[in-house]
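For reference, the chains in residue letters:
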Amino acid sequence: MASHDVPIGSSQVTLASLNERSREIFRSIVESYLTTGEPVGSRNLARILPMSLSPASVRNVMSDLEHLGLIFAPHTSAGRLPTELGLRFFVDALMQVGDLSEQDRRAIEAQVAGIGSGKTVEDVLIEASQALSGLTRSAGIVLTAKNNVRLKHIEFVRLEPERALVVMVAEDGQVENRVLPVPPGLPTSSLVEAGNFLNARLRGKTIGDLRSEIENSVAEGQAELDQLTQKIIANGLASWSGGDSEERRLIVRGHANLLDDLHALDDLERVRLLFDALETKRGVIDLLGRAERADGVRIFIGSENKLFSLSGSSTIAAPYRDSKGRVVGVIGVIGPTRLNYARIVPMVDYTARVVSRLLSGA
């Protein structure tokens, strides 16, 4: 279900590197960290391990794990915490991802799928990000693209001799108006012709689909349009899609959850840095864009992505699709590196599936 960003092999640590005793001690250290956020010492580990070991034996294994780069001591006299490399190794090699509980399924369905008919795509995505934020106690995130909106109707209306209004209606009910310049002396018939030409081809298509189709038709000489009408069509589509660069929209919900359970001033500084990173939307968009290329859930831990290297944050995200199975965006969560990965991975995966189902009208 989940794919990782940095292969285990790059760390030179494999599951075969650890015997059963080492695995259990390492698993206990990570699970304690994910639960409490605190270091754990050999004495406490000896009490919770499923095997009988003395604190001295546990310390010997911890020394080996530290040598492998999987754990570290935050202070001289403290217990041990997993490193980012250790967290990645745990997620890829040891974590057992269970099925989503029926209670969590119902909660996601109720909030996302239960918002009723007549809601826009953006309504669905906002509800989805809020649902994930509430269930995971992290920040819910959604990345979408305006070019993915499916069109229903377009119309050009002259406003002034050199300006016209293009009105675009999407299948989900969104209406957007843009004012665009038109060549001096352009006859009204060219505006009508441009609208008729597009309406005959646009139903159910995205802006990207439509632009590609029209560009091909013009290039192959199949579109019987004069130069002025061609220019109006090109300008109209560009005005909606934001020009040549695809316009991306980032939705973030649940910032306040990131302030919960702060243990120290270091945690407060980490969250402040995370907020700063979230304000740098370009970086978040680039990061989530990488998750679009994954088949399933993608996990980014700490400094594996430069954006969150200072705040020590993790991102769990999955792509969602339209009715034709095409990836049209990404949904997920951002939070501290001690996220409950085993619980959140299936939650993100299921939410992405629910959103995909709603967008496909199933």
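Residues numbered from 1 in each chain as written. Predicted model: local features only at pLDDT ≥ 70, side-chain atom pairs only at ≥ 80, totals over all residues. Heavy atoms only, no water.

Student: So what exactly am I meant to see when it comes to the sheet that holds strand 6 (residues 163-170) here?
Tutor: In a beta sheet, neighbouring strands are held together by backbone hydrogen bonds and run either parallel or antiparallel to one another. Spatial ordering of the open sheet is given by 5-6-7, a layout of three strands whose pairing is antiparallel. This sheet does not close on itself; its edge strands, each paired only once, are strand 5 (151-160) and strand 7 (175-181). Each adjacent strand pair in this sheet contributes to an overall mean axis angle of 20°, direction not counted. By the bridge criterion, seven bridges tie strand 6 to strand 7 in an arrangement that is antiparallel. Counterpart to L165 in the pairing with strand 7 is V179. Along the sheet face, helix 7 (residues 188-199) touches strand 5 and strand 6 and points at about 170° away from the line of strand 5. (Pairing = 2+ DSSP bridges. Helix = DSSP H or I, 4+ residues; strand = E, 2+ residues; numbered from the N terminus. Axes fitted to C-alpha atoms, helices over the stretch in contact; angles between N-to-C directions. Contact = heavy atoms within 4.5 Å.)

Student: Teacher, can you tell me more about the packing of aromatic side chains here?
Tutor: We describe a pair of aromatic rings using the distance from one ring centre to the other and the angle between the two ring planes. Using the criterion set out here, one finds one aromatic pair in the structure. Note on F26 and F89: the rings are 5.9 Å apart at their centroids and 50° apart in plane angle, and the pair reads as tilted. Of this pair, F26 sits in helix 1 (residues 20-36) while F89 sits in helix 4 (residues 84-94), and the two are 63 residues apart along the sequence. The two residues F26 and F89 agree in class, both being buried. One Lys or Arg, R201, reaches over the ring of F197 and ends 3.7 Å from the middle of that ring. (Phe/Tyr/Trp six-rings, centres within 6.5 Å; stacked < 30°, edge-to-face > 60°. Buried < 20%, exposed > 50% of the residue type's maximum accessible area, 1.4 Å probe, protein only. Lys NZ or Arg CZ within 6 Å of the ring centre and 35° of its normal.)

Student: Where do I start with the environment of R253 in this structure?
Tutor: Looking at the secondary structure, you find R253 in strand 8 (residues 248-253). Accessibility expressed as a relative area gives 28% for R253, which makes it partly exposed. Along the sequence, R253 and A131 sit 122 residues apart, while their C-alpha atoms lie 9.2 Å from each other. For R253, the contacting residues outside a window of four places in its chain are I126, S129, Q130, S133, S138, A139 and G140.

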